[in-house]
Amino acid sequence: MRLTDEEKRMLDGKYGKAVAMAMTILSKLGELYGAEELMPISQVHLDGCSFKAVGEAGLEFTEKMVDYGGKVCVPATTNPISRDMKRWREFRIPPAFAEKSRRLEDACMRLGAVPTWTCAPYLYGIVPRFGQQIAWAESNAINFVNSVIGARTARYGDFADICAAVTGRVPKFSLHLTENRRGEVLLKIKNPRLFDFNDDSTYPLIGYIVGDMAQGRIPVIEGMPESTTPDHLKGLSAAAASSGNVALFHILEITPEAFTYEAAFQGKQPLLIQEISEEEILKARQSLNTGEGGQVDLVIIGCPHASYSEVEKLVQIMNGKKVRKGVEFWVQTNRTVHRWLEQTGLLDALSASGVKVLEDTCVLNWALDNWQFRLLVTNSGKFAHYAPGIMGSRVVFGGIEKCVEAAVTGEVRRA
Ligand code: F3S
């Protein structure tokens, strides 16, 4: 690794122990990935804020960074934490676990991070511009920011994200470089007129298929409607990152690096062309439906964190109906949306219906020892993908309407 004089001073401890430790880690990472030098980045999204995800090692690392005098030197937003700060007791989080979460939150704050506590920082965070070099962690956010906004980040994870924030540097490699952002496989929606693009659940399903078909290559999707919204792309990004670890996709005439076919493939030809048919959609739905249906324990939406417009739509569909006794209905969102919901009265409407709106957190990052969810219903491809392994629950996947129906009747049938 070739370091500048300033970077050598950072490595040698001129700027303190935290910077030296971060620089050591980043230069080793750079060597591992074959990067020749480091490059500056102008913002970071920290993923290592969930105690469940990083564990004791992550807590120790973050507190050590604080003890060593570490401070972020670029704006650093934060991912969801392992508890709702205000209501964790109500949600049966064990006190010892909540305390570990509190310590990690505190360490992130003492590093100087911004308490966004959201996995959708591209909606309500510090949003970068097209082409900006950044270092983001959290798979759905990486995929969205690279693909939909066109900022540039590699896949960063716990520890590397803090090192980037403390030094303002990352290895120059991967998706930071134009040549590595070229589309590789063309995935064509077969007969788009037959697809129900008014059904929100179509988008995570397309994402799930895209991840599966891409097989580690950069996909270019053809045939998505002009009416595709950021909320649709949020669901698609998260599902593609879950099924295929996709960190960048292009959608012809929709995402900014793919306004033309030539731009998406940087003048080259695709390595492979495949079609996404209605049958593929059916198969993806079946593989996300691990439950046969029956009595519902939990309905959950907001993975990634729900936007204001998604919650507004939920309120319209609920239309004053009540959640059936014995069913939990949880919406995950961030503190910004939560505040807006409070101010517009939508939070009261949901609460009168029995829907609970969680702030700053993600249920998959909780200690769930005090809950038993045998069957859950969700509109999230990502949640449906991970819940069976993490929560031990069976899942029925569907759109917001299906979620509401399941919550109100207490029963669900798989599609
Ligand atoms: Fe966010 Fe948790 Fe889903 S971090 S993307 S709500 S799994």
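Residues numbered from 1 in each chain as written. Predicted model: local features only at pLDDT ≥ 70, side-chain atom pairs only at ≥ 80, totals over all residues. Heavy atoms only, no water.

It is worth spelling out the state of the cysteines at this point. Throughout the structure, instances matching the rule amount to zero disulfides. Summary of cysteine pairing: Cys163 is not part of a disulfide, and the nearest cysteine sulfur, belonging to Cys73, is at 12 Å. Note on Cys163: relative accessible area 0%, which makes it buried. (Disulfide = S-S within 2.5 Å. Buried < 20%, exposed > 50% of the residue type's maximum accessible area, 1.4 Å probe, protein only.)

Here we take up the site of the ligand. Near the ligand the following residues occur: Pro80, Cys119, Glu138, Asn140, Gly302, Cys303, Pro304, Gln332, Cys362, Leu364 and Lys382. When atoms are counted within 2 Å of each cavity's grid points, the one that captures over half of the ligand is the largest pocket. Grouping the amino acids of the shell around the ligand by side-chain chemistry returns six nonpolar, three polar and two charged. When residues of the shell around the ligand are assigned to domains, at least three map to each of domain 1 (5-174) and domain 3 (289-412). (Near = heavy atom within 4 Å. 1 Å grid on protein atoms, 1.4 Å probe; cavity = no way out; pocket = protein on both sides within 12 Å on 5 of 7 lines; lining within 4 Å. Sits in = over half its atoms within 2 Å of the grid points. Nonpolar A, V, L, I, M, F, W, Y, C, P; charged D, E, K, R; others polar. Domains from an automatic or database assignment.)

With that out of the way, let us pick up the side chain of Glu138. For Glu138, the position within the fold is in the loop between strand E4 (135-136) and helix H5 (139-149). Accessibility expressed as a relative area gives 11% for Glu138, which makes it buried. Here the side chain of Glu138 touches Asn140 through a polar contact of 2.8 Å, side chain to side chain. When residues no more than four places from it in sequence are discounted, the contact partners of Glu138 are His45, Asp47, Asn79, Cys119, Tyr156 and Lys382. (Helix = DSSP H or I, 4+ residues; strand = E, 2+ residues; numbered from the N terminus. Polar contact = N/O pair within 3.5 Å; in protein donor to acceptor, adjacent residues only side chain to side chain. Contact = heavy atoms within 4.5 Å.)

Most of strand E6 (residues 185-189) sits inside the fold, with four of its five residues counted as buried. Here E6 runs beside strand E7 (residues 219-222); their pairing, made up of four bridges, is parallel. In the sheet register, Leu187 faces E7, and the bridge partner there is Ile221. Regarding topology, helix H7 (residues 202-214) serves as the crossover connection from E6 to the parallel E7, and that connection is right-handed. One ladder, built from five bridges, connects E6 with strand E9 (residues 272-276); its direction is parallel. Residue pairing in the sheet places Leu187 in a bridge with Gln274 of E9. (Pairing = 2+ DSSP bridges. Right-handed = clockwise from strand over helix to strand, strands pointing away.)

Quick look at the nonpolar core now. Ranked by size, the top nonpolar core spans 69 residues in total, and within it Ile206, Met224, Ile276, Trp330, Val363, Phe383 and Met391 carry the most contacts. Top contributing element to this core by residue count: H7, with eight residues. Setting aside chain neighbours within four positions, we find Ile206 in contact with Ile189, Phe195, Phe197, Met224, Leu236, Ile276 and Ile281. Counting residues in each nonpolar core, the second largest holds 38 residues, with Met39, Ile41, Leu46 and Tyr156 among its members. (Core = buried A, V, L, I, M, F, W, Y, C linked by side-chain atoms within 4.5 Å.)

This next bit is on unusual backbone geometry. With an omega dihedral of -5°, the bond running from Cys303 to Pro304 counts as a cis peptide bond. Inspection of the secondary structure assignment puts Pro304 in the loop between strand E11 (298-301) and helix H11 (308-318). A positive phi is found at Trp117, a non-glycine position, where the angle reads about 45°. Within the secondary structure, Trp117 is located in the loop between helix H4 (95-110) and E4.

If you walk through the whole model with that rule in mind, you get 16 aromatic pairs. Consider the rings of Phe91 and Trp366, whose centres lie 5.6 Å apart with planes at 50°: the pair is tilted. In this pair, Phe91 sits in the loop between strand E3 (76-78) and H4 while Trp366 sits in the loop between strand E13 (355-359) and strand E14 (375-378), placing the two residues 275 residues apart along the sequence. Assessed through its relative accessible area of 0%, Trp366 is described here as buried. (Phe/Tyr/Trp six-rings, centres within 6.5 Å; stacked < 30°, edge-to-face > 60°.)

These results come straight from atomic positions and should not be treated as a statement about function.
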